[in-house]
Amino acid sequence: MTIRFDGRVAIVTGAGNGLGRAHALGLASRGAKVVVNDFGGGRDGTGGSLTPAEAVVEEIRKAGGVAMADGADVSNFEQVQAMVDRATRKWGSVDLLCANAGILRDKSFAKMEVADFAKVLDVHLTGTFYCCKAVWNGMRERNYGRIVVTTSSSGLFGNFGQANYGAAKAGMVGLMNVLAEEGRKNNIRVNTISPTAATRMTEELLPPQALALMKPEAITPAVLYMLAEDAPTRTIMGAGAGSFAVIKVVETEGINLPQGEWTPEAIAAHFAEIGDMSTAKALENAFQQTNKYVGQAAARAGIKLSP
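Nothing here was measured: the structure is a model prediction, and the numbers come from that model. Within every chain, residues take consecutive numbers counted from 1 along the sequence as written. pLDDT decides what is reported in this predicted model: residues at 70 or higher carry local features, side-chain atom pairs at 80 or more are listed and counted, and totals for whole chains, interfaces and linings draw on all residues regardless. Only hydrogens and water are removed before side-chain values are computed, so all heavy atoms of the structure are retained for them.

Caption draft 1: How the structure looks around the packing of helix α4 (residues 114-142) against helix α6 (residues 163-183). Simply put, an axis is a line fit to the C-alpha atoms, just over the touching stretch for a helix, and the angle between two N-to-C directions goes from 0 to 180 degrees. Helical segments are the DSSP runs of H or I of at least four residues, strand segments are the runs of E of at least two, and each set is numbered from the N terminus. It is at 8 Å that the axes of α4 and α6 come closest, and there the two elements cross at 20 degrees. Put simply, α4 runs roughly parallel to α6. Considering only the axes of α4 and α6, their crossing is right-handed. Note on element contacts: α6 touches α4 through Ala163, Asn164, Tyr165, Ala167, Ala168, Lys169, Gly171, Met172, Leu175, Leu179, Glu182 and Gly183, opposite Asp116, Phe117, Val120, Leu121, His124, Leu125, Thr128, Phe129, Cys132 and Trp136. Oblique is the label for every angle not falling under 35 degrees (roughly parallel), over 145 degrees (roughly antiparallel), or within 65 to 115 degrees (roughly perpendicular). Put simply, a crossing is left-handed when the front helix is turned counterclockwise from the back one by less than a right angle, and right-handed when it is turned clockwise. Any two residues whose heavy atoms approach within 4.5 Å at even a single point are treated as in contact.

Dropping the structure here:
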């Protein structure tokens, strides 16, 4: 099976360099018309220039593809909406969104300024919400949409000096979970990529030998898979250096305690059983957790719950 995007219109944010550039080139090479979005600022979000986006558009056109450059700041909803409207007027729709734009303002938590926390959340999390919001109604009307948002191991697993970035990136998973649920009835599939690659964001954090293995192009196959017609939904994929994995948030089966044991001492006494990972499962939605707990409590009380 060959995955193609002929007739599809894609927006890739942060596409002037690194991962976004690789994703934009990959989509265009497989037939998509691509909006190459990049604010063109520095790694910390300052400055701004359309030159990086225009350079990627030129690459795509020279290879026989179709693309346009856009300098919308993803943290500005009016600019994002204008970008989506422009693409829709020119090409008829926006079918695919890869929300990749981001900045870094790393500092230990003790030294982090409030403004640096707020700005990183504004670009990563709020900016991703703005992009999803701007394309959502059109995707619902056409009963088709594919969205990939970008998380990070810093948010999923933690990394020193990145409280702002980690919080924003963990928020991506919550956004995906809800959008995937709400998008099902309109054939909108929403997934998350957790990449690790040699980019402007990581060049000072990794040794040269590691950077040489971590080409941005190694992430793009996972993104293209999750933007394809037969894509899954509500999936987190890890990718880097040619390795690919699925990441899940899981919960142990847990135990139900009688009311007389609703104490921290009882939790301590039973913690090995409560935390038994051999019973862990990935839950499909919030009410699955609620129903599990209520079911366990009802079983202990001998109550038969109505279906």
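Caption draft 2: Quick look at the pattern of salt bridges. A pairing counts as a salt bridge when a side-chain nitrogen of Lys or Arg comes within 4 Å of a carboxyl oxygen of Asp or Glu. Overall, the coordinates contain nine salt bridges when judged by the stated rule. Arg105 is the salt-bridge partner of Asp116, the closest N and O atoms lying 3.1 Å from each other. Here the residue Asp116 occupies a position in helix α4, and Arg105 occupies one in the loop between β4 (96-99) and α4, the gap between them amounting to 11 residues. According to the relative accessible area criterion, Asp116 is buried, its value standing at 13%. If you follow the salt bridges from partner to partner, you end up with Arg21, Glu59 and Glu217 in one network. Relative accessibility decides the category of a residue: with a 1.4 Å probe and only protein chains considered, values under 20% of the type maximum give buried, values over 50% give exposed, and everything between is partly exposed.

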